[in-house]
Amino acid sequence: MQVQLDQKDADRIAEDLLEYAETLCGALGMDCDKVLNELKAKDNIHLFRTFNLYFGEYIELLDTENSVFTD
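Asks: Mind showing me how you'd approach the packing of aromatic side chains here?
Replies: The geometry of two aromatic rings is summed up by the distance between their centres and the angle between their planes. Applying the stated rule across the entire model yields two aromatic pairs. Note on F51 and F55: the rings are 5.0 Å apart at their centroids and 50° apart in plane angle, and the pair reads as tilted. With F51 and F55 both in helix α3 (residues 44–55) and four residues apart, this pair spans about one turn of that helix. Each member of the pair, F51 together with F55, is buried. Ring centres of Y54 and F55 lie 5.8 Å apart, and the angle between their planes is 35°; this geometry places the pair in the tilted category. Assessed through its relative accessible area of 22%, Y54 is described here as partly exposed. Note on F55: relative accessible area 0%, which makes it buried. Taken together, the ring pairs in this structure connect F51, Y54 and F55 into an aromatic cluster.

Asks: For this particular structure, what's the right way to read the side chain of T50?
Replies: Structurally, the position occupied by T50 is in helix α3. Among all residues touching T50, those that are not within four sequence positions of it are E38 and L39.

Asks: How should I be thinking about helix α2 (residues 32–39) in this particular structure?
Replies: Along an α-helix, residues three or four apart share an orientation, since each turn contains 3.6 residues. For α2, every residue scored as buried is listed here: V35, L36 and L39. Down the axis, α2 shows its buried residues gathered within 95° of arc, on one side only. Residues D33 and N37 are exposed on α2 and point more than 90 degrees away from its buried face. Buried residues belonging to α2 abut α1 (10–28) and α3. The backbone nitrogen of D33 lies 3.3 Å from a side-chain oxygen of the residue at the head of α2, namely D31.

Asks: So what exactly am I meant to see when it comes to the environment of C32 here?
Replies: As for its placement among the helices and strands, C32 is situated in helix α2. In this structure, the C-alpha to C-alpha distance between C32 and A21, residues eleven residues apart in sequence, is 7.9 Å. Contact partners of C32, with chain neighbours within four places excluded, come to E22, C25 and G26.

Quick notes on the rules
- Residues numbered from 1 in each chain as written.
- Predicted model: local features only at pLDDT ≥ 70, side-chain atom pairs only at ≥ 80, totals over all residues.
- Heavy atoms only, no water.
- Phe/Tyr/Trp six-rings, centres within 6.5 Å; stacked < 30°, edge-to-face > 60°.
- Helix = DSSP H or I, 4+ residues; strand = E, 2+ residues; numbered from the N terminus.
- Buried < 20%, exposed > 50% of the residue type's maximum accessible area, 1.4 Å probe, protein only.
- Contact = heavy atoms within 4.5 Å.
- Arc of directions from axis to C-beta.
- Polar contact = N/O pair within 3.5 Å; in protein donor to acceptor, adjacent residues only side chain to side chain.

Below, the structure written as structure tokens:
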């Protein structure tokens, strides 16, 4: 699955990623509260980076040029 990171809609994307994270945590047997708290600890860029660390194997985040988000 791929998710496009459009900076104009960063808040909406952040909400979507939190929902995906909750679903994936449950499916993968992870501590959902711990992961969600870590994702929400700072700004959206932190959320994108942290989401990528946890779930990059399952969901590919793309920047506005459709390049893989690795920052």
